[in-house]
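Structural overview
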Amino acid sequence: MPPTQAESVIKNIIREIGQECAAHGEIASETVVAFMVKAVVLDPSNGFNMDRTLIKSDVQKLVKLCVARLLDSKNPSLDTIKMQVYFDMNYTSREDFLEEHHRVLESRLSSVSREITDNRACTREELESLYRKIVSYVLLRSGLGSPTDIKIVREATAALQSVFPQAELGTFLTLSKKDKERQLKELTMIVTGIRLFNRDCGKGGEGIDDLPAILHEAIPATTQHIDAQLQIAQDQAFRYTAILEKVTKNPLMTKELEPYMLKEALYNVRQYEIFLQTVLSDIITCAQEVEMMIKQLAAQLEQLKMTVKSKTAVPTSQVFPIFIALASLWMSFQDETVLISVLSNLTTNLELFLGTHELLFPEKVIQGLLDGVIVKTDMSRIKEHMEERVHLPDFRKLEWLFPETTANFDKLLIQYRGFCGYTFAATDGLLLPGNPTIGILKYKEKYYTFNTRDAAYSFAENPEHYINLIKEKAKKNAELIQLLELHQQFETLIPYSQMRDVDKHYIKPITKCENSTQTDTHILPPTTVRSYEWNEWELRRKAIRLANLRQKITHSVQTDLSHMRRDNSSQVYPLKNVSTQSMREGSTRVPKPQIFITGLRGGQSKTTYGVKVNLTRAVDET
């Protein structure tokens, strides 16, 4: 089937599924439906052949299965998929968000800017109208008050007139469009700086919110809320994990707990935990930025006060750059405020995808399942096996990384989001945190951690087998593809929010080892001229001495003892002791040859006869 035709068929299927769900009172977005279609097709139990073109009966079966799964209100797996799609559609990295936010602001201001730059005012009334438009533009761009509030407009007009009198409109109109836009932006920054300075001095600042104070309260409040939600999610995850461990040790409980969908609930709460940690990390970055900006703001205002003091006139070259820097800093505060608001709303909306936990696992049910079970945290599990280490001599062909031998140990991208791959495969889906201190296995340029040394050894015996088992499990539970970051195995399902992070899979470990080099101190021959003298008086002294020597008679005596002898000395740097370590010790000892010839000095006869005698000892005697 041609690509365009295939896309058309898929779009029709998605549309049909969406209409079916709507008919049953369930509104499902196209993105969720598309993800569900891929999940149903991937699941081998549904019997769809990826290499065969879908026939009419296949399409009907696909629609029926997707609708059934989308209408299942008591399914943690569906909640997790919806949560992943929502987060993917609404979350962007800090840099991308700020870039998009600035782009949206520019697009909103474009019509107001165009009215000013395209204006051809001539009469007095038209010029006054144009000046009012510039004031409105300055207020809208700065975001410091409404352009309909008369007090704010008066304050902004007074500030603008101090740097851009109405008389200069004629010069402004002669500029090119680009220069007009540039000047408008510059005027906005200067007027904003003036208003902020007046607010700090208590002489103005109408309609300007105290953003540093607001952020100082909002950030800790948001952080505390997320921390509380994170604690609840982790407690739930620890309890589900403890129950699932109990089930793996007692297989008879499997059928009893099958309707509860414990594993799907664990995946749901683990995904929620991961998303909360992502948001919390961004908020901590915001807090650090705000703390730094508050210090910069105080420094800028202090510098401005020192520059202005009680002077009636100050050179614009001195104050304008400070006003612009002040305005730029305040706009950064505005960015942080919007970002905190968006992240807070995102966190609140994520809670909507946790509804099935209370339906499936009321406290009474959980307490019954936890009877006789010790609930362990992730940290306690790691501490239990902290002393265990993989022994390198047990693995000749595999490479293991340890904290003391790898410089960027904490930055390596661990497979399965740091969960133990062996435990997940061996127990058909139990998630336990891996412990990097046991040793990180490097296999085909990917890195794996394990919760115990035994798990590491078992996985290392046949990595491909366990990797395939995990992939097959992910086909049955599509939410695992994003939860365990299996995007390389399922490239068609890489979410947009992680498309840019694909390259992170190739972070190389920087291994450390002891090494030393010995270098000659002076490689090149010395070029110093010892006879050179810069001191004029020293030269005169030498000249007088030579003049005196000319009138002296010198004698030299050479004895037998002093003939061809002179003092000589040399400086030697002893070589460093160098040692090498080999795999094993080995040595050989060869017997020293001892061969003698007798009779070479002759005897009584004139003819000399030599007799060769070999006294070398045999090899086995040494």
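Coordinates for the structure precede this section.
Presented here is an overview of the structure given in this document. (Residues numbered from 1 in each chain as written. Predicted model: local features only at pLDDT ≥ 70, side-chain atom pairs only at ≥ 80, totals over all residues. Heavy atoms only, no water.)

Scanning the protein from N- to C-terminus turns up 21 helices and 5 strands. The buried share among the 622 residues of the protein stands at 37%. Within the structure as shown, the protein displays about 39,700 Å² of accessible surface, and the carbon and sulfur contribution to it stands at 53%. (Helix = DSSP H or I, 4+ residues; strand = E, 2+ residues; numbered from the N terminus. Buried < 20%, exposed > 50% of the residue type's maximum accessible area, 1.4 Å probe, protein only. Areas by Shrake-Rupley, 256 points an atom, 1.4 Å probe, with all protein chains shown as cover.)

This next bit is on the pattern of salt bridges. Under the defined criterion, the tally for this structure stands at 27 salt bridges. The salt bridge involving R182 is made with E186; its shortest N-O contact spans 3.8 Å. Within this pair, R182 and its partner E186 are both found in helix 9 (residues 177–201), separated by 4 residues, close to a single helical turn. We classify E186 as partly exposed; its relative accessible area is 39%. E363 is the salt-bridge partner of R239, the closest N and O atoms lying 3.1 Å from each other. Within this pair, whereas R239 is found in helix 10 (residues 211–249), its partner E363 is found in helix 15 (residues 363–369), the two being separated by 124 residues in sequence. On the basis of relative accessibility, which here comes to 45%, the residue E363 falls in the partly exposed class. A single network of salt bridges, built from pairs that share partners, joins D179, R182 and E186. (Salt bridge = Lys/Arg side-chain N within 4 Å of Asp/Glu carboxyl O.)

Let us look at the side chain of E336. Its place among the elements puts E336 in helix 13 (residues 316–350). On the basis of relative accessible area, E336 is assigned to the buried category, the value being 3%. If we skip the residues at most four places from it in the chain, E336 touches R94, L215, C286, E289, V290 and M293. (Contact = heavy atoms within 4.5 Å.)

Among all residues except glycine, the phi angle is most often negative; among peptide bonds, the trans geometry is most common. One non-glycine residue, K444, lies in the positive phi region at around 55 degrees. Relative to the elements of secondary structure, K444 occurs in the loop between strand 2 (440–443) and strand 3 (446–448).

Looking now at the nonpolar core. I134, F164, F333, W400, F450 and L484 are the most contacted members of the largest nonpolar core, which has 118 residues in total. With 19 residues, the top contributor of residues to this core is helix 12 (residues 262–308). Beyond its immediate chain neighbours, meaning those up to four positions away, W400 contacts V390, L392, F395, G439, I440, L441, F450, A456 and A460. In terms of nonpolar packing, the next biggest core, distinct from the first, is built from 24 residues, I14, V32, C66 and L78 among them. (Core = buried A, V, L, I, M, F, W, Y, C linked by side-chain atoms within 4.5 Å.)

Across the interface, helix 6 (residues 124–142) lies against helix 7 (residues 150–163) with an axial gap of 10 Å and an inter-helix angle of 105 degrees. Here helix 7 runs roughly perpendicular to helix 6, going by the angle between their axes. Of the residues in helix 7, those touching helix 6 at Y131, I134, V135 and L139 are I152, V153, A156, T157, L160 and Q161. Among the residues making up the contact of helix 6 with helix 7, the classes are represented as 8 nonpolar, 2 polar and no charged. (Axes fitted to C-alpha atoms, helices over the stretch in contact; angles between N-to-C directions. Parallel < 35°, antiparallel > 145°, perpendicular 65-115°, else oblique. Nonpolar A, V, L, I, M, F, W, Y, C, P; charged D, E, K, R; others polar.)

Another point: the side chain of T117. Note on placement: T117 falls in helix 5 (residues 94–117). Look at T117 and you get buried, because its relative accessible area is 3%. A distance of 3.4 Å separates the side chain of T117 from the backbone oxygen of R114, its partner in a polar contact. (Polar contact = N/O pair within 3.5 Å; in protein donor to acceptor, adjacent residues only side chain to side chain.)

Attention now moves to the packing of helix 18 (residues 453–461) against helix 19 (residues 463–476). The interhelical angle for the contact between helix 18 and helix 19, taken along N-to-C directions, is 95 degrees, at an axis separation of 5 Å. Looking at the two axes, helix 18 sits roughly perpendicular to helix 19. For the pair formed by helix 18 and helix 19, the contact residues are S458, F459, A460 and E461 on the first element and P463, Y466 and I467 on the second. Residue composition of the contact of helix 18 with helix 19, by class: 5 nonpolar, 1 polar and 1 charged.

To continue, consider the sheet that holds strand 2. Taken together, the 3 strands give an open sheet; going across it, the order is 1-2-3, and neighbouring strands pair in antiparallel fashion. Strand pairing shows two members of the sheet lacking a second neighbour, strand 1 (399–401) and strand 3, which therefore form its edges. This sheet shows a mean twist of 35 degrees between the axes of neighbouring strands, independent of strand direction. With 3 bridges joining them, strand 1 and strand 2 adopt antiparallel strand pairing. Opposite W400, over in strand 2, you have L441 as the bridge partner. (Pairing = 2+ DSSP bridges.)

On the surface, a nonpolar cluster with roughly 330 Å² of combined accessible area is contributed by F596, V611, V613 and L615. Turning to its location among the elements, V611 is positioned in strand 5 (residues 611–614). When its relative accessible area of 47% is taken as the criterion, V611 is described as partly exposed. (Patch = residues over 30% accessible without salt bridge, like charges linked within 9 Å, V, L, I, M, F, W, Y side chains within 5 Å.)

Before going further, it helps to spend a moment on the packing of aromatic side chains. On inspection of all chains with the given rule, the structure shows 17 aromatic pairs. Measuring from centroid to centroid gives 5.7 Å for Y86 and F353, while their planes differ by 45 degrees, and the two rings are tilted. Pair noted here: Y86 is in helix 4 (residues 76–90) and F353 is in the loop between helix 13 and helix 14 (355–360), with a separation of 267 residues, a long-range link. Accessibility assignment for this pair places Y86 and F353 in one class, buried. By the ring-pair criterion, three or more aromatic residues cluster together here, those being F395, W400, Y416, Y422, Y448, F450, Y457, F459 and Y466. Residue placement shows R540 over the ring face of W537; its charged tip is 4.6 Å from the ring centre. (Phe/Tyr/Trp six-rings, centres within 6.5 Å; stacked < 30°, edge-to-face > 60°. Lys NZ or Arg CZ within 6 Å of the ring centre and 35° of its normal.)

Taken by themselves, the reported measurements are silent on function.
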